[in-house]
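So the chains spell out like this:
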Amino acid sequence: MNRRTALLSLSALLVCGVAAGGYAYHQHHKYKHVATHEAGMVYRSAWCEPEVMAELVERWQIRSVVNLCRPGEMGEDRWEGERHAVTDAGAKLLELDMPLDIDPADPRLQKHMEALADANNYPMLVHCQHGVTRTAKFLAMYDIVMRGRSADESLDAQPLFGRDRQNVHVTAFAQQFEKAHKSLYPRVSAADLGVLRDSL
């Protein structure tokens, strides 16, 4: 192989490598922190662009998208984009600001529990801005109440997305929620999803 051919081959390989890397980077950011939490029931992600959200709703036949961000957190245009994407794809959007504290008795969590108890909301897609801390809290609530898991079992099964461990606030919240949820939310239980689970 002469020098010119070798240089052309090396250049072609370099271009292919850059293109593949660019594609992988784009896919990672396009589908940031997208994961199945429980197949057929609950999925998770970071905030997605409207076209990606619509795609995920269609892919998993999502019936409700739970947005845990503070109102307007990502800018009103992005909120409107998500609202249109979700409703146009045939799902409903539940805007449920997730408190940042670790108190399982926070009255704002009542709406989260009502969302979890409603079988009509499943399959559901849950997200916050990064799909990490607030999403992990919500999924811990789901696992503890609807799947009978302990806080540790829930958090151990959740992806870390490159981190070494779960956020200390998520761990503290999940452990307190595990101890207190039966007295705080006595009307919500796994039985609420019994018929739905039986059909999976």
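Coordinates for the structure precede this section.
Everything in this summary refers to the structure shown in the same document. Only a predicted model underlies this, so the values are computations on that prediction, with no experimental measurement involved.

A few points about the pattern of salt bridges
Now for step 1: Throughout the structure, instances matching the rule amount to 12 salt bridges.
Now for step 2: The partner of Arg134 in a salt bridge is Glu73, and the shortest N-O contact between them spans 2.9 Å. Taken together, the positions of Arg134 in helix H5 (residues 133-146) and Glu73 in the loop between strand S3 (64-67) and helix H3 (76-88) put the pair 61 residues apart, joining distant regions of the chain.
Now for step 3: Measuring nitrogen to oxygen at the nearest pair gives 3.8 Å for the salt bridge that ties Arg108 to Asp101.
Now for step 4: Among the residues examined, Asp101 registers a relative accessible area of 32% and is labelled partly exposed.
Now for step 5: In the salt-bridge network here, residues are joined through shared partners; they are Glu38, Asp143, Arg147 and Arg197.

Section: unusual backbone geometry
Now for step 1: Backbone torsion omega between Tyr122 and Pro123 reads -5 degrees, so that peptide bond is classified as cis.
Now for step 2: Topologically, Pro123 is positioned in the loop between helix H4 (109-117) and strand S5 (124-127).
Now for step 3: Even without being glycine, His33 reaches a positive phi, approximately 55 degrees.
Now for step 4: As for its placement among the helices and strands, His33 is situated in the loop between helix H1 (3-30) and strand S1 (35-38).
Now for step 5: The phi angle at Gln61 is positive, at roughly 50 degrees, despite the residue not being glycine.
Now for step 6: For Gln61, the position within the fold is in the loop between helix H2 (50-60) and S3.
Now for step 7: Given the relative accessible area of 52%, Gln61 is considered exposed.

Structural notes on the packing of aromatic side chains
Now for step 1: Counted according to the given criterion, the structure contains 5 aromatic pairs.
Now for step 2: For the pair Tyr122 and Tyr142, a centre-to-centre distance of 6.1 Å together with 35 degrees between the ring planes defines the contact as tilted. Residue Tyr122 is found in the loop between H4 and S5, and its partner Tyr142 is found in helix H5; the two are separated by 20 residues along the sequence. Assigned by exposure class, Tyr122 and Tyr142 land together as buried.

Structural notes on the environment of Ala174
Now for step 1: If you trace the backbone, Ala174 turns up in helix H7 (residues 168-184).
Now for step 2: Taking the C-alpha atoms as reference points, Ala174 and Lys137, 37 residues apart in sequence, are found 6.6 Å from one another.
Now for step 3: Setting aside residues no more than four positions away along its own chain, Ala174 makes contact with Ala140, Ile144, Ala151 and Leu155.

Procedures and definitions
- Residues numbered from 1 in each chain as written.
- Predicted model: local features only at pLDDT ≥ 70, side-chain atom pairs only at ≥ 80, totals over all residues.
- Heavy atoms only, no water.
- Salt bridge = Lys/Arg side-chain N within 4 Å of Asp/Glu carboxyl O.
- Helix = DSSP H or I, 4+ residues; strand = E, 2+ residues; numbered from the N terminus.
- Buried < 20%, exposed > 50% of the residue type's maximum accessible area, 1.4 Å probe, protein only.
- Phe/Tyr/Trp six-rings, centres within 6.5 Å; stacked < 30°, edge-to-face > 60°.
- Contact = heavy atoms within 4.5 Å.

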